[in-house]
Amino acid sequence: MDLILNKKSLPADPFKLFEDWYAEYSATQPKEPSAMIVATASKEGKPSVRTVLLKSYDKNGFVFFTNYESHKGQNLEENKWMQSLFYWDSLARQIRILGKVEKISSAESDDYFLTREYLSQIGAWASAQSKKIQDREFLVKQFEFFKKKYPEGHVPRPPHWGGFRIAPVSFEFWVGRENRLHDRFLYEKNSEAWTISRLAP
Ligand SMILES: Cc1cc2nc3c(=O)[nH]c(=O)nc-3n(C[C@H](O)[C@H](O)[C@H](O)COP(=O)(O)O)c2cc1C
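A quick note: this is a predicted structure, and the numbers were derived from the prediction, not measured. (Residues numbered from 1 in each chain as written. Predicted model: local features only at pLDDT ≥ 70, side-chain atom pairs only at ≥ 80, totals over all residues. Heavy atoms only, no water.)

## Comments concerning the packing of helix α4 (residues 118-126) against helix α5 (residues 136-149)
Line of reasoning, step 1. Viewed as axis vectors pointing N to C, α4 and α5 meet at an angle of 120 degrees, and their least axial separation amounts to 9 Å. Between α4 and α5, the angle is such that the two are oblique. Note that α4 runs across α5; the crossing there is right-handed. Residue-level inspection shows Tyr118, Leu119, Ile122, Gly123, Trp125 and Ala126 of α4 in contact with α5, the latter providing Leu139, Gln142, Phe143, Phe146 and Lys147.
Line of reasoning, step 2. Residue composition of the contact of α4 with α5, by class: eight nonpolar, two polar and one charged. (Axes fitted to C-alpha atoms, helices over the stretch in contact; angles between N-to-C directions. Helix = DSSP H or I, 4+ residues; strand = E, 2+ residues; numbered from the N terminus. Parallel < 35°, antiparallel > 145°, perpendicular 65-115°, else oblique. Left-handed = near helix turned anticlockwise from the far one by under 90°. Contact = heavy atoms within 4.5 Å. Nonpolar A, V, L, I, M, F, W, Y, C, P; charged D, E, K, R; others polar.)

## Regarding the pairing of strand β4 (residues 61-67)
Line of reasoning, step 1. The buried fraction of β4 is high, at seven of seven residues.
Line of reasoning, step 2. When strand β3 (residues 56-58) meets β4, the two strands line up antiparallel, connected through three bridges. Note on β4: the bridge partner recorded for Ser56 is Val63.
Line of reasoning, step 3. Where β3 folds back on β4, the antiparallel hairpin that results is connected by two residues.
Line of reasoning, step 4. In this sheet, strand β7 (residues 161-175) lies alongside β4 in antiparallel orientation, the contact comprising six bridges. Bridging across to β7, Val63 finds its partner in Arg165. (Buried < 20%, exposed > 50% of the residue type's maximum accessible area, 1.4 Å probe, protein only. Pairing = 2+ DSSP bridges.)

And the structure:
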């Protein structure tokens, strides 16, 4: 049955709505439910988007991991605004989250890095993400070099690799409905509370 949204039945807290929808989607689409599109922009306003994996979220925000020296990392150094997007085709839903991004603490990044598989840890050292490289062989050589350098169980977190957290100032929840009369609800942070508005589709 179609999801019918109205202002009265929506939770006051957008994190709660995100949590409910995420659980629903994960139950039906276990393959990469955490895929999240993130849009950044340079200080001149030049945009770029890519997919990352959402690793955790709570009241403080939504966390993903990457190379801080990558293209997105450089954008976020210059311009902290970011928008995330989840498009869940099987549920005909979309969620957008706008906010400013901060690096998570080194201790948090260390904790997560330790949980990664050995070869993923090596991969973080081997790839200077977003830099131009000569050929694939170069990448493979880097991988082998770091495998020799750091045996399993002894891989430090690269200083240029870690988490970012987006602290939302707005969420938009979209549900596809018949005749393109879709439902859209915007939550905007207003000091500590959230105001909810319906948007035209
Ligand atoms: C399904 C999927 C998940 C991905 N997850 C991540 C991720 O969690 N972190 C990451 O840095 N790149 C991830 N990537 C690769 C990015 O999309 C992107 O190619 C890379 O981060 C470089 O982006 P940039 O040059 O804009 O910084 C993922 C790609 C796909 C298709």
